[in-house]
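Descriptive analysis of the structure
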Protein chains: 2
Amino acid sequence: MAKSPNKLEVLKLGNQLCFPLYACAKEVIKIYRKPLAKIGLTYTQYIVMVILWEFGEMSEKELGEKIYLDSGTLTPVLKKLEKFGFVKRQRMTEDERFVKITLTDNGVKLREKASNIPQALEGNIYLSYDEMITLYNLLNKALEGINERKTQ
Amino acid sequence: MAKSPNKLEVLKLGNQLCFPLYACAKEVIKIYRKPLAKIGLTYTQYIVMVILWEFGEMSEKELGEKIYLDSGTLTPVLKKLEKFGFVKRQRMTEDERFVKITLTDNGVKLREKASNIPQALEGNIYLSYDEMITLYNLLNKALEGINERKTQ
DNA sequence: TTAAAATAAATTGCACACAATTCAATAATA
DNA sequence: TATTATTGAATTGTGTGCAATTTATTTTAA
């Protein structure tokens, strides 16, 4: 049975958590980079497309909330994807402050070409299925906590 | 009892893991940003200092391996820290290709001022101690796997 | 109903992050 | 030993990522 941790121990571990999180995210993104280059996308562009493939059209604001990016990052990425011909950006007539992001036909088609991208991780993540599930759940729980704090 | 997952399920989950990892890392770094600004450091600069505080002087190459950064990122960061007066950079006489990174007195002193930085996470990570331990272990296991693959 | 506040994007400036290349020093080998 | 290969750091160019500010639009409230 593990001893009950004091506050200092929790803090120290929190600090230690930070680094592997940072390093692991970078390394996993790096694994995706090469296969993504083959279909002409960066990781950030890919994530935008994944969200749009899953949820369909939405405002830039909504997209930014889902992807944890503000307009400072997102606007240039979306303009690039528009230049590539994968998305369309247009002000909404109901409220001209909002920009609606829509997939073009080519954007929809790209989904198939990207379908083998997840295989990039094959043989690169040495975790069991159960460990991956646990990791996935803990990360999402942590994210939820951070979101909760934000909306207060 | 969970059913045995097929390969496709593992791949799909791997892909899904990628995003919360990316998002969570960004959000946690964001939490550190404000308290770090008070002692005049960015997150990357802080991680460099943490490594040097823990392990002492080492070459830029060694530092880069520990922190998962190449010279393209690390050289400018180290030059900045040198300008701040926290580290010293000098070519090693034994082998002039290597640059040895050493803490200055001010660099050592900064450690105390930074001692309360981990408290930034207090009230921001809604995970139990055990969950944090599990998350920490899984991330490190994933990192080890990635490293292993690299050295092959 | 108009002035003030709020809101969504866009812009600006700074700091990474990394691939690719260059440069200088050292090691390997013909 | 002279040539080639390798290695560590530095440089260059592109792409985020974000805080702070600006702009245009809409909402709120006086």
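Residues numbered from 1 in each chain as written. Chains lettered and ligands numbered in written order. Predicted model: local features only at pLDDT ≥ 70, side-chain atom pairs only at ≥ 80, totals over all residues. Heavy atoms only, no water.

Topic: the overall build of chain A
Broken down by element type, chain A carries 6 helices and 3 strands. Taken across its 152 residues, chain A has 43% of its residues classed as buried. Sequence-distant contacts, at least 24 apart, represent 51% of the contacts inside chain A between residues at least 6 apart. Carbon and sulfur atoms form 51% of the exposed surface of chain A, whose accessible area is close to 8,500 Å². (Helix = DSSP H or I, 4+ residues; strand = E, 2+ residues; numbered from the N terminus. Buried < 20%, exposed > 50% of the residue type's maximum accessible area, 1.4 Å probe, protein only. Contact = heavy atoms within 4.5 Å. Areas by Shrake-Rupley, 256 points an atom, 1.4 Å probe, with all protein chains shown as cover.)

Quick look at unusual backbone geometry
Although it is not a glycine, Y68 of chain A sits at a positive phi angle of roughly 60 degrees. Turning to its location among the elements, Y68 of chain A is positioned in the loop between α3 (60–67) and α4 (71–84).

Let's talk about the packing of helix α2 (residues 43–55) of chain A against α3 of chain A
Residue and element names in this part refer to chain A. At a minimum axis distance of 11 Å, the contact between α2 and α3 shows a crossing angle of 110 degrees. Comparing the axis directions of α2 and α3 gives the class roughly perpendicular. Note that α2 runs across α3; the crossing there is right-handed. Note on element contacts: α3 touches α2 through L63, K66 and I67, opposite I47, V48, I51, L52 and F55. (Axes fitted to C-alpha atoms, helices over the stretch in contact; angles between N-to-C directions. Parallel < 35°, antiparallel > 145°, perpendicular 65-115°, else oblique. Left-handed = near helix turned anticlockwise from the far one by under 90°.)

Structural notes on the interface of chain B and chain A
The partner chain A presents 59 residues to the 60 residues of chain B that form the contact. Between chain B and chain A, a total of about 6,100 Å² is buried, with carbon and sulfur atoms accounting for 75% of that surface. Sorting the residues of chain B by area buried against chain A places Y22, Y126 and Y129 of chain B first, and these three jointly supply 11% of that buried surface. Between the two partners, chain B and chain A, sit 2 salt bridges. Counting every contact that joins chain B to chain A gives 6 residue pairs in polar contact (both at pLDDT 80 or more). Listing elements by their share of the side of chain B that touches chain A, those giving two or more residues are α1 (7–38), α2 (43–55), α3 (60–67) and α6 (129–150) of chain B. When residues in the side of chain B that touches chain A are grouped by element, the largest group, 24 residues, is from α1 of chain B. Residues that form the side of chain B that touches chain A fall into these classes: 38 nonpolar, 10 polar and 12 charged. (Buried area = accessible area lost by both parts, 1.4 Å probe. Salt bridge = Lys/Arg side-chain N within 4 Å of Asp/Glu carboxyl O. Polar contact = N/O pair within 3.5 Å; in protein donor to acceptor, adjacent residues only side chain to side chain. Nonpolar A, V, L, I, M, F, W, Y, C, P; charged D, E, K, R; others polar.)

Looking at the protein's contact with DNA strand D
Of all residues adjacent to DNA strand D, which total 28 residues, the nearest are Y22, K61, S71, T75 and R89 of chain B. For DNA strand D, the fraction of atoms within 4 Å of the protein that belong to sugar or phosphate moieties is 78%. A distance of 2.4 Å is found between a phosphate oxygen of DNA strand D and a side-chain nitrogen or oxygen belonging to R89 of chain B. Elements with a minimum of two residues in the surface near DNA strand D: α2 and α4 of chain A together with α1, α3, α4 (71–84) and β2 (87–91) of chain B. Residues of the surface near DNA strand D, tallied by class, amount to 6 nonpolar, 8 polar and 14 charged. (Near = heavy atom within 4 Å.)

Remarks on the protein's contact with DNA strand C
Near DNA strand C lie 30 residues; those nearest to it are K61, S71, K79 and R89 of chain A together with T42 of chain B. Take the atoms of DNA strand C that sit within 4 Å of the protein: sugar and phosphate atoms are 80% of them. Within the contact set of DNA strand C, a phosphate oxygen lies 2.9 Å away from a side-chain nitrogen or oxygen of Y22 of chain A. A distance of 3.1 Å is found between a phosphate oxygen of DNA strand C and a side-chain nitrogen or oxygen belonging to K80 of chain B. Contributing elements (two or more residues each) for the surface near DNA strand C: α1 (7–38), α3, α4 and β2 (87–91) of chain A together with α2 and α4 of chain B. Class assignment for the residues of the surface near DNA strand C results in 6 nonpolar, 9 polar and 15 charged.

Details of the pattern of salt bridges
If you walk through the whole model with that rule in mind, you get 12 salt bridges over all chains. The partner of E131 of chain A in a salt bridge is K141 of chain B, and the shortest N-O contact between them spans 2.7 Å. One end of the pair, E131 of chain A, is in helix α6 (residues 129–150); the other, K141 of chain B, is in helix α6, on a second chain. The shortest N-O distance in the salt bridge between K30 of chain B and E27 of chain B comes to 3.2 Å. With K30 of chain B and E27 of chain B both in helix α1 and 3 residues apart, this pair spans about one turn of that helix. For K30 of chain B, a relative accessible area of 40% translates into the label partly exposed. E27 of chain B gets classed as buried once you look at its relative accessible area, which sits at 2%.

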